[in-house]
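Tertiary structure, described
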Amino acid sequence: MSVFWLGYQYALFGLADMFTLVGLLEFFYAESSAGMKSLSTAISWCSLAIGYFLSSVVVEVVNKASGGWLANNNLNRDELNYFYCYKKVELVNQEQNYDDSRAAKGKQLEMVTV
C-alpha cells in the first residue's frame, strides 16, 4: 500500500476546509458589526486550531492505549484499519445524534403549533 492512497482523503478534507472557511469568513464580514468582524474571524481560526489539536490528541491516546496502531512509518505494517473503524463508529454516533435532535425539534414544533 502506498502513502499516496491517503492523498485523496487529504485533498478532499483540504477542499472542505477551504470552502467552509471561505464561506464562514464571508458570513462574518457580511453579517457582523464593525467591531465584531476581527473577533469572529479570530474565533473561527481558533476553533479550527483547537479541532486539529484535539484530533492529534485522540490519535495519540488511541495509539498509546492500543499499543501502537500507527507506531511505524510503514502503512503496510500499521493497523490503519483501526482508525477507519473508529471513524465509522464516530460517524454512526453523529448520525444518531442528528436524528435524535431532529426528532426532538419536530416534537417541539408540534407542541407549539397545537
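Coordinates for the structure precede this section.
Here the structure is a predicted model, which means the values were calculated and not measured. Residue numbers restart at each chain and count upward from 1, following the sequence in its written direction. Where local features are concerned, this predicted model is filtered to residues with pLDDT of at least 70; where side-chain atom pairs are given and counted, the filter is 80 or more; whole-chain, interface and lining totals use all residues. As a rule here, side-chain values come from all non-hydrogen atoms in the structure, and water together with hydrogens is ignored.

Within the chain one finds three helices and zero strands. Each residue's exposure class comes from its accessible area (1.4 Å probe, protein chains only) as a fraction of the maximum for that residue type: buried when under 20%, exposed when over 50%, partly exposed otherwise. Within the chain, buried positions represent 10% of all 114 residues. Whether two residues are in contact is decided by their heavy atoms: any pair within 4.5 Å suffices. Long-range contacts, defined here as pairs at least 24 residues apart, represent 33% of the contacts in the chain between residues at least 6 apart. All accessible areas in this document rest on Shrake-Rupley with a 1.4 Å probe, and a residue is counted as covered only by the protein chains that are shown. Carbon and sulfur atoms make up 66% of the accessible area of the chain, which totals about 9400 Å². Strands are runs of DSSP state E lasting at least two residues, helices are runs of H or I lasting at least four, and both sets are numbered from the N terminus onward.

As a further point, take a nonpolar patch on the surface. Taken together, I50, F53, L54, V57 and V61 make up a surface patch of nonpolar side chains, about 470 Å² in accessible area. If you trace the backbone, F53 turns up in helix α2 (residues 37–66). In this scheme, patches are assembled from residues that exceed 30% relative accessible area and form no salt bridge. Like charges are connected within 9 Å, while nonpolar side chains (Val, Leu, Ile, Met, Phe, Trp, Tyr) are connected within 5 Å. Within this document, salt bridges are pairs made up of a side-chain nitrogen of Lys or Arg and a carboxyl oxygen of Asp or Glu, the two lying within 4 Å of each other.

Applying the stated criterion to the full structure yields one salt bridge. Between E90 and K87 there is a salt bridge, and its shortest N-O distance comes to 2.7 Å. Separated by three residues within a single helix, E90 and K87 lie in helix α3 (residues 80–113), roughly one turn from each other.

Below, the discussion takes up the packing of helix α1 (residues 7–31) against α2. The contact between α1 and α2 brings their axes to 9 Å, and the two run at 155 degrees. The orientation of α1 relative to α2 falls into the category roughly antiparallel. α1 and α2 meet at a crossing whose hand is right-handed. Of α2, the residues touching α1 (which contributes D17, L21, L24, L25, F28 and Y29) are K37, S40, T41, S44, W45, L48 and Y52. In this count, Pro and Cys sit with the nonpolar residues alongside Ala, Val, Leu, Ile, Met, Phe, Trp and Tyr, while Asp, Glu, Lys and Arg are called charged and the others, Gly among them, polar. Residue composition of the contact of α1 with α2, grouped by class: eight nonpolar, three polar and two charged. Only the stretch in contact is used when fitting a helix axis, every axis being a line fitted to C-alpha atoms; angles between N-to-C directions are given from 0 to 180 degrees. Should an angle lie under 35 degrees it is considered roughly parallel, over 145 roughly antiparallel, and from 65 to 115 roughly perpendicular; all remaining angles are considered oblique. Two helices that cross are described as forming a left-handed crossing if the nearer one is turned anticlockwise from the farther one by less than a right angle, and a right-handed crossing if clockwise.

Here the focus is α2. Take the number of residues in a helix, subtract one, and multiply by 1.5 Å to get its expected span. Between its first and last C-alpha, α2 extends 44 Å over 30 residues, near the 44 Å set by a 1.5 Å rise per residue. Phi turns positive, to about 85 degrees, at G67, one or two residues after α2.

Before going further, it helps to examine the environment of E79. Positionally, E79 belongs in the loop between α2 and α3. Counting along the chain gives ten residues from E79 to W69, while the straight-line C-alpha distance between them is 5.0 Å.

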